[in-house]
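One letter stands for each residue in the lines below.
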Amino acid sequence: VIAVLMIAYFNTIIGWALLYLYYSFSSPLPWAGNTRKFFYEDIVGASTGLGDVHGMNWPVFGANGAAWLVTCLVLIKGVQSGGKVVYVTVILPYVCIVALIVKGAMMPGGTDGIRAYLEVDVAKFADYETWARSATQIFYSMGVAMGAIV
């Protein structure tokens, strides 16, 4: 049961990411003014409460369907096809990170950003909030190892 809930949760997030990918090809970017407003109003279509039901959000439905289709296509042949997908899903994030670091370092103030990222505030280790956020991240990372995401 937990694995089914987790795969549904992660596929929903992948669907949102697909929508952001689609919208990223438009100029100007739709979230340039207010990211929070764009996410809750345009992507999620959040309502004011349980009594405020205003129909199907077709873009989210389509993106979620695409995420489920990709998941099914990867898993339909079993572990053999999943192994090939791992080559892409493991290597591509590193390529993207390197590209973002190079791009960020070349921008004005890029070295200041890298320096700020690498500076460690040791006093934060004594803060409860730091440890609570770390534990939350660990649980999300462990969720992938549960077998729901293959």
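What counts, and at which threshold
- Residues numbered from 1 in each chain as written.
- Predicted model: local features only at pLDDT ≥ 70, side-chain atom pairs only at ≥ 80, totals over all residues.
- Heavy atoms only, no water.
- Helix = DSSP H or I, 4+ residues; strand = E, 2+ residues; numbered from the N terminus.
- Buried < 20%, exposed > 50% of the residue type's maximum accessible area, 1.4 Å probe, protein only.
- Contact = heavy atoms within 4.5 Å.
- Areas by Shrake-Rupley, 256 points an atom, 1.4 Å probe, with all protein chains shown as cover.
- Lys, Arg positive; Asp, Glu negative; His and termini not counted.
- Charge placed at Lys NZ, Arg CZ, Asp CG, Glu CD.
- Core = buried A, V, L, I, M, F, W, Y, C linked by side-chain atoms within 4.5 Å.
- Phe/Tyr/Trp six-rings, centres within 6.5 Å; stacked < 30°, edge-to-face > 60°.

Caption draft 1: Layout of the overall build of the chain. On a plain count of helices and strands, the chain comes out with six helices and zero strands. When the helices and strands of the chain are listed from N to C terminus, the series reads α-α-α-α-α-α. Its C-alpha atoms give the chain principal-axis dimensions of roughly 45 × 40 × 35 Å. Every one of the 150 residues in the chain was classed for burial, and the buried ones make up 13%. In the chain, 51% of the contacts between residues at least 6 apart in sequence involve partners at least 24 apart. Summed over all atoms, the accessible surface of the chain reaches about 12,000 Å², with 72% contributed by carbon and sulfur. In the chain, the 8 positive side-chain charges and the 8 negative ones have mean positions that sit 12 Å from each other.

Caption draft 2: View of the environment of Phe-39. Mapped onto the secondary structure, Phe-39 falls in helix H2 (residues 35-43). Overall, the relative accessible area of 18% leaves Phe-39 in the buried class. Not counting chain neighbours up to four residues away, the residues in contact with Phe-39 comprise Trp-16, Tyr-20, Val-44 and Gly-45.

Caption draft 3: Region of interest: the nonpolar core. Leu-19, Trp-31, Phe-38, Phe-39, Ile-43, Val-60 and Ala-63 form the largest nonpolar core, which has seven residues in total. For this core, the elements supplying multiple residues, two or more each, are H2 and helix H3 (58-75). If you tally residues by element for this core, the top one is H2, at three residues. Once residues within four sequence positions are removed from consideration, Val-60 is found in contact with Trp-16, Leu-19 and Ile-43.

Caption draft 4: Unusual backbone geometry, seen in detail. Put simply, Ser-27 and Pro-28 share a cis peptide bond, and its omega is -5°. Topologically, Pro-28 is positioned in the loop between helix H1 (2-23) and H2.

Caption draft 5: Quick peek at the packing of aromatic side chains. In total, this model carries nine aromatic pairs according to the counting rule given. With a centroid separation of 5.1 Å and 50° between ring planes, the pair formed by Tyr-20 and Trp-31 is classed as tilted. Of the two residues, Tyr-20 sits in helix H1 while Trp-31 sits in the loop between H1 and H2, which places them 11 residues apart along the sequence. Its relative accessible area of 21% is what places Tyr-20 among the partly exposed residues. Ring centres 5.1 Å apart and planes at 75° place the aromatic pair Phe-39 and Tyr-40 in the edge-to-face group.

Caption draft 6: Looking closely at the side chain of Asn-11. One can find Asn-11 in helix H1. Excluding anything up to four places from it in sequence, Asn-11 contacts Asn-64, Ala-67, Trp-68 and Thr-71.

Everything listed here is a matter of coordinates, which is why it stays silent on function.
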